[in-house]
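What the coordinates show
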Amino acid sequence: MKAFEEEQIRVHCISGTSVGALVASYYAFGRPVESILTIGSALNLSKILNFTLERGGLFSTDAIREMIHRDLGDCLIEDANIPLAICATDIETGEQLKKADIVVSLDLSRYSLTNNAKCLEELYMEGYHPMKKKIQSVLWYKRMNVFVNLFKAAGKLLPLKVPEILKDLKRHAFAVRNRS
């Protein structure tokens, strides 16, 4: 999200899966990126998941619910400043992922699944740098597309023919040289 802000790219809608859903939620409700990073530094699996046999599941996410309620208040997903979708991705097939506008796949295997508080800045950069590169390539393509379209429009609007212009320039250059 920081990379998008730095490039002044407005986010029109946002979606996330797993911890990405938490980040997307906070961002959609107007929390600054730095604030989200601070919240992330306090998270670890043992604090947010509790083992339980209630409601047919093994883990309770009550701590996450309480954290969101504390930070964002009593709100509905429909109340978000930016349209928000919370989704799941099939980890084997990559299926809600195939339809994403921008995907940056990361190898986070060297990080802990339970607590990354001591390496949060490093983990943050794992996503930041690849996203900056992805954005730059998308922006380059967009800028080139604008240039190509302007060139095409100019060709249709201007009644000039390039070979005739080159001949005129050549004649002019020859005339200037002969005067010297």
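Our subject is the structure listed above.
Heads up: these notes are all about the structure in this document. Because the structure is a prediction, the values reported are computed rather than measured. (Residues numbered from 1 in each chain as written. Predicted model: local features only at pLDDT ≥ 70, side-chain atom pairs only at ≥ 80, totals over all residues. Heavy atoms only, no water.)

Overview of helix α2 (residues 19-28)
For α2, the buried fraction is high: seven of the ten residues fall into the buried class. Those residues of α2 that sit buried are Ala-21, Leu-22, Ala-24, Ser-25, Tyr-26, Tyr-27 and Ala-28. The secondary structure elements touched by the buried residues of α2 are α1 (2-6), β1 (14-16), α3 (33-41), α5 (62-72) and β4 (84-86). Remark: Gly-30 follows α2 within two positions and exhibits a positive phi of approximately 90°. (Buried < 20%, exposed > 50% of the residue type's maximum accessible area, 1.4 Å probe, protein only. Helix = DSSP H or I, 4+ residues; strand = E, 2+ residues; numbered from the N terminus. Contact = heavy atoms within 4.5 Å.)

As for the pattern of salt bridges
Per the counting criterion, the structure on display carries six salt bridges. Between Glu-6 and Lys-132 there is a salt bridge, with its nearest N and O atoms 3.0 Å apart. Among the residues examined, Glu-6 registers a relative accessible area of 37% and is labelled partly exposed. For the salt bridge of Glu-122 with Arg-110, the shortest nitrogen-to-oxygen distance reads 3.1 Å. Of this pair, Glu-122 sits in helix α6 (residues 120-157) while Arg-110 sits in the loop between β4 and α6, placing them twelve residues apart in sequence. Owing to a relative accessible area of 39%, Glu-122 belongs among the partly exposed residues under this scheme. (Salt bridge = Lys/Arg side-chain N within 4 Å of Asp/Glu carboxyl O.)

Observations regarding the side chain of Ser-25
Looking at the secondary structure, you find Ser-25 in helix α2. A polar side-chain atom of Ser-25 sits 2.7 Å from the main-chain carbonyl oxygen of Ala-21. Excluding residues that lie within four positions of it along the chain, Ser-25 makes contacts with Leu-72, Leu-84 and Ile-86. (Polar contact = N/O pair within 3.5 Å; in protein donor to acceptor, adjacent residues only side chain to side chain.)

Structural notes on the environment of Ala-28
Tracing the backbone through its elements, the reader meets Ala-28 in helix α2. Exposure remark for Ala-28: the relative accessible area of 0% places this residue in the buried category. Sequence separation between Ala-28 and Pro-83 is 55 residues; the distance between their C-alpha atoms is 6.9 Å. Those residues within four positions of Ala-28 in sequence are excluded, and the remaining contacts are Ile-14, Ala-80, Asn-81, Ile-82 and Leu-84.

Concerning the side chain of Asp-71
With respect to the helices and strands, Asp-71 occurs in helix α5. One polar contact links Asp-71 to Tyr-26, side chain to side chain, over a distance of 2.5 Å. Beyond its immediate sequence surroundings of up to four residues, Asp-71 is in contact with Tyr-26, Arg-31 and Ile-39.

A short note on the packing of α3 against α6
Packed helix pairs are characterised by how far apart their axes lie and by the angle those axes make with each other. Two elements in contact, α3 and α6, have axes whose closest approach is 10 Å; the angle formed by their N-to-C orientations is 130°. Taken together, the axes of α3 and α6 lie oblique to each other. Read as a crossing pair, α3 and α6 show a hand that is right-handed. Listed contacts from α6 to Val-33, Leu-37, Gly-40 and Ser-41 of α3 are Leu-120, Glu-121 and Tyr-124. Among the residues forming the contact of α3 with α6, the class breakdown is four nonpolar, two polar and one charged. (Axes fitted to C-alpha atoms, helices over the stretch in contact; angles between N-to-C directions. Parallel < 35°, antiparallel > 145°, perpendicular 65-115°, else oblique. Left-handed = near helix turned anticlockwise from the far one by under 90°. Nonpolar A, V, L, I, M, F, W, Y, C, P; charged D, E, K, R; others polar.)

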